[in-house]
Amino acid sequence: MELVCPAGNLPSLKTAIDNGADTVYIGFADDTNARHFAGLNFNEQRSVQGVEYAHSRGKKVYVAINTYPQPSGWQRWIEAIDRANRLGVDAVILADIGLMEYAASKYPDLNLHLSVQGSATSHEALDFYYQNFNIKRAVLPRVLSVAQVKKAIDSSPVDIEVFGFGSLCVMVEGRCILSSYVTGRSPNTYGACSPASHVEYVENDIKLETRLGDVLIDAYKKDEPAGYPTLCKGRFESRGNTYYALEEPTSLNTLEILPQLKDIGVVAIKIEGRQRSPAYIETVAKTWSAALIQLEQGNYQTKNEWNQALSQVSEGFQTTLGAYHRSWQ
Ligand code: SF4
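Quick look at the structure, then. (Residues numbered from 1 in each chain as written. Predicted model: local features only at pLDDT ≥ 70, side-chain atom pairs only at ≥ 80, totals over all residues. Heavy atoms only, no water.)

### Examining the overall build of the protein
Put simply, the test is: Helix and strand assignments follow DSSP, with helices taken as H or I runs no shorter than four residues and strands as E runs no shorter than two, numbered in order from the N terminus. Throughout, the radius of gyration refers to the C-alpha atoms, and the reference size of a globule is 2.2 Å times the residue count to the power 0.38. Burial status follows relative accessibility: with a 1.4 Å probe on protein chains alone, a residue under 20% of its type maximum counts as buried, one over 50% as exposed, and anything between as partly exposed. In what follows, residue pairs with any heavy atoms lying within 4.5 Å of each other are defined as contacts. As used throughout, the charge tally considers Lys and Arg to be positive and Asp and Glu to be negative, leaving His and the chain termini uncounted. Charged side chains are reduced to one point each, which is NZ for Lys, CZ for Arg, CG for Asp and CD for Glu.
Counting its secondary structure elements, the protein contains 10 helices and 15 strands. Since a compact globule built from 329 residues should have a radius of gyration of about 20 Å, the 19 Å found for the protein is in line with a globular shape. The proportion of buried residues among the 329 residues of the protein is 52%. The contacts of the protein with a sequence gap of at least 6 include a subset with a gap of at least 24, amounting to 63%. Charge separation in the protein, taken as the distance between the mean sites of 31 positive and 37 negative side-chain charges, equals 1 Å.

The following block contains the structure:
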């Protein structure tokens, strides 16, 4: 299986490749991708350098252009596709059908992948993108059990990539409006869930409060590790109890079911985290490439040291199999 690692900047791209990634996925420095944070992503010069670095080492680069353009920004989104094509990248990852149509008709040789933001889970949805835009691959949303992923693969006309590790989006991907409800900026169009411009940390002698817009997301005791304020992972009061009402901070980790994912026909494992540091990228790329090498050698066993390394870079320092494992199914 192909190891697809995130890269939010050139140092991360090099780190991913030097530590075993087969492919890196990047975004341009604007709202055309779903990790539009200040100081992150690739300008013209950096993207040329990144593609050169990867290709000269036999590795691939995908470009995520996976937000939904608004009418006033259409030109910016198609220029991103033009630029990705000029760069000679190995695929663009798209969600919007208008962009799919533009890319498929203008650049028939450019490989198109359906983004997780497209939220395609059925044969009919996957076949639609294949028949109309000749996509080569789809990334499934993180809401399916292993049995459901297998069902999708069995009838899919295209290759299937799934998330193997990283932060979780608990809502239907590409359609979550929690952050835009509070900040007025949608992750699906502006490209950032919890944009830093709306984040506030307020500290006093006994606690640290994190806020998004004017909403209190969490309050931490003095020595408690504080997470980045994301609405779905806040502690809220509901019916007299204060707790993680929507989702506990945790990261997906599928090392345990890697052989199963291979057996059912998953072609690529995607690691989340373009917003994370080169140190995170080094840990995940090194750990996941070691696991995939062992899987290829046919003597796979999840090592404690792998899980320990991944826990250290996980949200809330804990991991989950997420929707892949549903004991009641
Ligand atoms: S609020 Fe949570 S579920 Fe919604 S886009 Fe942000 S991280 Fe994903």
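### Some words on the environment of V172
Position of V172 among the secondary structure elements: in the loop between β7 (159-167) and α7 (178-183). For V172, a relative accessible area of 45% puts it in the partly exposed group. In the structure, V172 is positioned 134 residues away from A38 in sequence and 25 Å away in space, judged by C-alpha atoms.

### A closer look at unusual backbone geometry
Unusually for a residue other than glycine, N41 sits at a positive phi of about 85 degrees. Inspection of the secondary structure puts N41 in the loop between β2 (23-26) and α2 (44-55). Its identity is not glycine, yet S194 carries a phi of approximately 55 degrees, on the positive side. Relative to the assigned elements, S194 resides in the loop between α7 and β8 (199-203).

### Things to note about the environment of R142
Selection rule: For the purposes of these results, a polar contact is taken to be a pair of N or O atoms within 3.5 Å, where, inside protein, one atom must be able to donate a hydrogen and its partner to accept one; residues adjacent in sequence count only when each atom of the pair is a side-chain atom.
As for its placement among the helices and strands, R142 is situated in the loop between β6 (137-139) and α6 (146-154). Judged by its relative accessible area of 12%, R142 is buried. Taking the C-alpha atoms as reference points, R142 and G191, separated by 49 residues in sequence, lie 19 Å from one another. Every residue in contact with R142, bar those within four places of it in the chain, is listed here: F163, S167, L168, C169, E173, L252, E272 and A323. Only 2.8 Å separates the side chain of R142 from the backbone oxygen of S167, close enough to count as a polar contact.

### Some points on α2
Where we set the bar: Any helix carries an expected span of 1.5 Å times its number of residues minus one. The arc in question is traced by the directions running from the helix axis to the C-beta atoms.
The first and last C-alpha atoms of α2 sit 17 Å apart over 12 residues, in line with the 16 Å expected at 1.5 Å per residue. All of the buried residues in α2 are S47, G50, V51, Y53 and A54. Along the axis of α2, the buried residues cluster in a sector spanning 160 degrees; they form a single face. Exposed and facing more than 90 degrees away from the buried side of α2 are Q45 and E52. Packing partners of the buried residues in α2 comprise α1 (10-18), β2, β3 (60-65) and α3 (74-87).

### Considerations on α1
The complete set of buried residues in α1 reads L10, S12, L13, T15, A16 and I17. Check the buried side of α1 and you find it contacts β1 (2-6), β2, α2 and α9 (278-297). G20 occupies a position one or two residues after α1 and carries a positive phi of about 115 degrees.

### A closer look at the nonpolar core
Applied cut-off: The definition of a nonpolar core used throughout is a set of buried Ala, Val, Leu, Ile, Met, Phe, Trp, Tyr and Cys residues joined through side-chain atoms within 4.5 Å.
In this structure, I65 and W288 are the most contacted members of the largest nonpolar core, which totals 79 residues. It is α9 that contributes the most residues to this core, eight residues altogether. Ignoring sequence-local partners within four residues, the contact set of W288 consists of L3, G164, F165, N253, T254, L255, L258, I269, I271 and L310.

### What to know about the site of the ligand
Going by this rule: The cutoff for a nearby residue is simple: one of its non-hydrogen atoms must lie within 4 Å of the molecule or strand. Classes in brief: Ala, Val, Leu, Ile, Met, Phe, Trp, Tyr, Cys and Pro nonpolar; Asp, Glu, Lys and Arg charged; the others, Gly included, polar.
Taken together, C169, V170, M171, C176, L178, C193, T230 and C232 are the residues near the ligand. Tallied by class, the residues present in the shell around the ligand amount to seven nonpolar, one polar and no charged.

### A few points about the pairing of strand β4 (residues 91-94)
Cut-off, in case you're wondering: When DSSP finds at least two bridges between two strands, those strands are taken to pair. Clockwise travel from the first strand over the helix to the second, with the strands pointing away from the viewer, marks a crossover as right-handed.
Burial of the side chains of β4 extends over both faces: A91 and I93 are buried on one face and V92 and L94 on the other. The pairing of β3 with β4 spans four bridges and is parallel. Counterpart to A64 in the pairing with β4 is I93. You can see the chain leave β3, run along α3 and come back into β4, and the turn it takes is right-handed. As defined by bridge partners, β4 adjoins strand β5 (residues 112-114) across three bridges and the pair is classed as parallel. Residue I93 lies in a different strand from β5, and its bridge partner there is H113. Taken together, β4, helix α4 (residues 97-106) and β5 form a β-α-β motif whose crossover is right-handed.

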